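Fold and geometry: a report
Listed below are the residues making up each chain.
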Amino acid sequence: MEWHQHELTGAPQSDNFWYRGVVIGRRHVLTFSIPYGARKSMIPARGTNVVAFQTFKNHGITGINSTIGVRVTRAWIGKKLDQVNCEMHVEVVELQAL
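Residues numbered from 1 in each chain as written. Predicted model: local features only at pLDDT ≥ 70, side-chain atom pairs only at ≥ 80, totals over all residues. Heavy atoms only, no water.

Our focus in this paragraph is the side chain of glutamate 91. Relative to the helices and strands, glutamate 91 resides in strand S4 (residues 85-95). Using a relative accessible area of 8% as the deciding quantity, one classes glutamate 91 as buried. Beyond its immediate stretch of four places on either side in the chain, glutamate 91 contacts Arg27, His28, Val29, Arg71, Val72, Thr73, Arg74 and Trp76. (Helix = DSSP H or I, 4+ residues; strand = E, 2+ residues; numbered from the N terminus. Buried < 20%, exposed > 50% of the residue type's maximum accessible area, 1.4 Å probe, protein only. Contact = heavy atoms within 4.5 Å.)

Structural data, given as structure tokens:
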């Protein structure tokens with residue numbers, strides 16, 4: 001199972017993405033519950049385009065078009081949820097048309 005197919009542990013957190021005093025998009029942080037043993041191999045690479053993944057589409061994170069898309073800016077492992085699972089936070093930026 002791929003990292004984006006795992007269960008979300010809550011609603012995505014979203015806020016404006018600023019660049020030099022101008023809002024150019026939205027920043028979203030999604031938290032997934034992943035197997036603890038696979039935590040090092042499951043983190044998505046920075047720059048991964050996630051616009052085609054259904055998890056993101058379900059939350060309205062669609063980007064401008066498929067060329068620019070929605071890119072992963074950061075991903076990190078959070079707290080351990082139980083003996084089997086831990087949290088993985090994925091931050092993505094969805095650029096908006098200017």
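Applying the stated criterion across every chain, the model contains three salt bridges. Two residues, glutamate 91 and arginine 74, come together in a salt bridge whose shortest N-O distance is 3.5 Å. One end of the pair, glutamate 91, is in strand S4; the other, arginine 74, is in strand S3 (residues 70-80), and 17 residues separate them in sequence. The exposure class of arginine 74 is partly exposed, given its relative accessible area of 46%. Salt bridges linked by common partners bring Asp15, Arg27, Arg74 and Glu91 together as one network. (Salt bridge = Lys/Arg side-chain N within 4 Å of Asp/Glu carboxyl O.)

Strand order in the open sheet formed by four strands is S1-S2-S4-S3, and the pairing between neighbours is antiparallel. Of all the strands in the sheet, just strand S1 (13-19) and S3 have a single pairing partner and so form its edges. Going from strand to strand, the sheet's axes swing by 25 degrees on average, the running direction of each strand aside. One ladder, built from eight bridges, connects S3 with S4; its direction is antiparallel. Paired with valine 72 across the strands is valine 92, a residue of S4. (Pairing = 2+ DSSP bridges. Axes fitted to C-alpha atoms, helices over the stretch in contact; angles between N-to-C directions.)

To continue, consider the confidence of the model for the protein. Considering every residue of the protein, the mean pLDDT works out to 86; 94% of them sit at 70 or more. No element of the protein has a lower mean pLDDT than S1, which averages 85, and none a higher one than S3, which averages 92. (pLDDT = per-residue confidence, 0-100.)

Counting residues in each nonpolar core, the largest one holds 18 residues, and the members touching the most others are Trp3, Phe32, Val50, Phe56, Val90 and Val92. Elements that contribute at least two residues to this core include exactly strand S2 (22-35), S3 and S4. When residues in this core are grouped by element, the largest group, four residues, is from S4. When sequence neighbours within four positions are dropped, the list of residues in contact with valine 50 reads Trp3, Phe56, Val70, Val72 and Val92. (Core = buried A, V, L, I, M, F, W, Y, C linked by side-chain atoms within 4.5 Å.)

Now for the packing of aromatic side chains. Taken as a whole and assessed by the stated rule, the structure comprises two aromatic pairs. Where phenylalanine 32 meets phenylalanine 56, the ring centres are 6.5 Å apart and the plane angle is 55 degrees; that geometry is what we call tilted. Of this pair, phenylalanine 32 sits in strand S2 while phenylalanine 56 is found in helix H1 (residues 54-58), placing the two residues 24 residues apart along the sequence. Accessibility classification places phenylalanine 32 together with phenylalanine 56 in one group, the buried group. Here phenylalanine 53 and phenylalanine 56 contribute two aromatic rings whose centre-to-centre distance is 6.5 Å and whose plane-to-plane angle is 40 degrees, an arrangement assigned as tilted. (Phe/Tyr/Trp six-rings, centres within 6.5 Å; stacked < 30°, edge-to-face > 60°.)

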